[in-house]
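Observations on the model geometry
Listed below, chain by chain, are the residues.
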Amino acid sequence: MARILIVDDDRVVSLLIESMLTDLGYEVAGQAKTGTEAIAMARDLKPDLILMDVMMPGGMSGIDAAVKIKEELNIPIVFISGYGDPELIEKAKIIEPFGYVMKPFDKTEVKAFVEIALYKSKMERKLGQANKQLNDMNLSLQQEITERKQVEEALRHSEEKYRELVENLNDVIYSVSADGTITYVSSPVESVLGYTPVELMGKHFTYLIHPEDLGAIQDAFAEILQGRFYPRDYRMRTKSGEFRWVRTSSLPILDDGQISGLQGVITDITEYKRAEDALRESERNYHEIFNNSSDAIFVHDVETGAIVDANKTVCDVFGYTLEEIKALEVRDLSVNTPPYTNEESLQWIRKAAEQGPQHFEWIAKNRDGRLIWFENSLLHANIGGKNRILVFGRVIDERKRVEEERAKLESQLHRAQKMAAMGTLVAGVAHEINNPNNFISINAPMLNKAWLSIIPILEEYYDHNGDFSVGGLPYTTMRERVPQLLAGISDGSGRIKNIVSDLKRFARPDSSA
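This is a predicted model, so every value here is computed, not measured.

To continue, consider helix α2 (residues 35-45). Looking only at α2, the buried set comprises G35, A38, I39, M41 and A42. Looking at the buried residues of α2, the elements they touch are β1 (3-7), β2 (27-32), β3 (49-53) and α3 (62-72).

Let's shift gears to the packing of α2 against α3. At their nearest, the axes of α2 and α3 sit 9 Å apart, and the two run at 20° to each other. On the basis of their axis angle, the class for α2 and α3 is roughly parallel. For α2 against α3, the interelement crossing comes out right-handed. Across the interface between the two elements, G35, A38, I39, A42 and R43 of α2 pack against A65, K68, I69 and E72 of α3. Of the residues assigned to the contact of α2 with α3, the class counts are five nonpolar, one polar and three charged.

As a further point, take the sheet that holds β3. Within the open sheet, the five strands sit side by side as β2-β1-β3-β4-β5. Their pairing is parallel. Pairing within the sheet leaves two strands with one partner each, and these edge strands are β2 and β5 (100-102). Taken over all neighbouring pairs, the strand axes of this sheet differ in orientation by 20° on average, direction set aside. Sitting on the sheet, helix α1 (residues 11-23) is in contact with β1, β2, β3 and β4 (77-81), with an inclination near 170° to β2.

Turning our eyes to something else, we now look at the packing of aromatic side chains. Within the structure shown, the criterion is met by 14 aromatic pairs. Joined through ring pairs, the aromatic side chains of Y340, W348, F360, W362 and W373 make up one cluster. Lying across the ring of W348, K351 places its NZ or CZ 4.9 Å from the centre. The positively charged end of K400 is found above the aromatic ring belonging to W373, 4.2 Å away from the centroid.

Bringing unusual backbone geometry into the picture now. Here the amide bond leading from K103 into P104 is cis, since omega sits at -10°, within 30 degrees of zero. For P104, the position within the fold is in the loop between β5 and α5 (107-143). Phi is positive for K46, which is not a glycine, with a value near 50°. Residue position: K46 is located in the loop between α2 and β3. Even without a glycine there, the phi angle at D256 is positive, about 55°. Look at D256 and you get exposed, because its relative accessible area is 74%.

With that out of the way, let us pick up the sheet that holds strand β14 (residues 371-383). The five strands lie next to each other as β12-β11-β15-β14-β13, forming an open sheet whose pairing is antiparallel. If you trace the sheet from one side to the other, it starts and ends with β12 (307-310) and β13 (358-365), each paired once. Strand after strand, the sheet turns through a mean of 30° between neighbouring axes, direction not considered. When strand β11 (residues 296-301) meets β12, the two strands line up antiparallel, connected through three bridges. Bridged to V299 within β12 is D309. Contacting β11, β13, β14 and β15 (386-395), helix α14 (residues 342-355) crosses the sheet at an angle of about 155° to β13.

Here is what the cut-offs are and how they apply
- Residues numbered from 1 in each chain as written.
- Predicted model: local features only at pLDDT ≥ 70, side-chain atom pairs only at ≥ 80, totals over all residues.
- Heavy atoms only, no water.
- Buried < 20%, exposed > 50% of the residue type's maximum accessible area, 1.4 Å probe, protein only.
- Helix = DSSP H or I, 4+ residues; strand = E, 2+ residues; numbered from the N terminus.
- Contact = heavy atoms within 4.5 Å.
- Axes fitted to C-alpha atoms, helices over the stretch in contact; angles between N-to-C directions.
- Parallel < 35°, antiparallel > 145°, perpendicular 65-115°, else oblique.
- Left-handed = near helix turned anticlockwise from the far one by under 90°.
- Nonpolar A, V, L, I, M, F, W, Y, C, P; charged D, E, K, R; others polar.
- Pairing = 2+ DSSP bridges.
- Phe/Tyr/Trp six-rings, centres within 6.5 Å; stacked < 30°, edge-to-face > 60°.
- Lys NZ or Arg CZ within 6 Å of the ring centre and 35° of its normal.

Right, here's the structure in full:
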């Protein structure tokens, strides 16, 4: 649950905003009446979002307080104001707020600008993390020049996996210039509308809008460029000429303090629209859509959480008959460990009934004990005159597999880099050892040959003069010891040579050691 700090010197306005936020399911972290107080509370409470009045008493305006908070804490801020003075708005844009909303506003507008601000903040954090990962990888590449080709290939493979993960999201990311030209659209658009991103780039967005929705969407586009934004549901044309229902959430793009366009997310809600229409028409049509959905759909009792119905996809995925499903509890269809227990499922059901639609991931378990990842959407509905919770579950095992594979590849890359560094060190050590050992291995035989050549001279001297001292030892002792010492030197040099060969084999990139 997002925590929000309200900053407004008008107590009545603060209480009104608090009431709206609480009704929408947000937590009000606190309320401040001055800019100085706002800075202190932001430091202590670390809220997820700050709703800041522009004009504040006490010598510090809301804009001044926002500058300080952004520099120190980088907490997203949405300005709320009863003043439309262009000069004031220009001053506010300098700090690049997450929105500038004019008073008065209703609960729908509050929900819109809060959700979009939180979403944009979340995406910016993800982008920052992704940039940091890429920078770390690039630094590693520079340090491992000797293994550059291998590391570059591994990095490219990792980036492809990351891009594949992003592009396989169900939602479509897009951006549009201020004149309405599509400047970017992510690849999932092909699964939603049938167009490739290249086919849509450069086209005007109105090309895709249903004629009956066009006027309202053009008005909404103009409002977003003026700083007012909230989710919109409408129909978009597919490549085949059909129309699909989508929901868009957009934010203005600020370029040097100027709005240069907008960016946002398109969510395909066609299946949800169809389900709603079916429920309104009749029980027969409801069950027809219900059982033909590719999503696993459960129907729960609001009060008890009991499963009162399920569609055919549920039976196929979990391996139970409908009657068996209705006799089970959620704990029987999940791993039943926190946060995937009966108690947590009842909490989600109550939230959907009291606060509106809920979205979360869940680990399920089928009849054979196989674990299945689901992306669940909960919707409160009236079916046959009874309060029910519809659970739309989409299997996301493949997405989770991609995430795990990406993490595994990054770990493998890290290990490969460490082994490469070790190989370089070993090769250097082997080289340093090999040079002096070559000197030993070459000169030891020469010393042995020299010793053998002077033995007759020493023996003749010994025969005529008796024993004498050589290197501080009697000649008769040295005569036995020197050949042993020379043999030991040659043997030791050979052993060193074998060790160096082993080190060189270990240091080679294609070594199996």
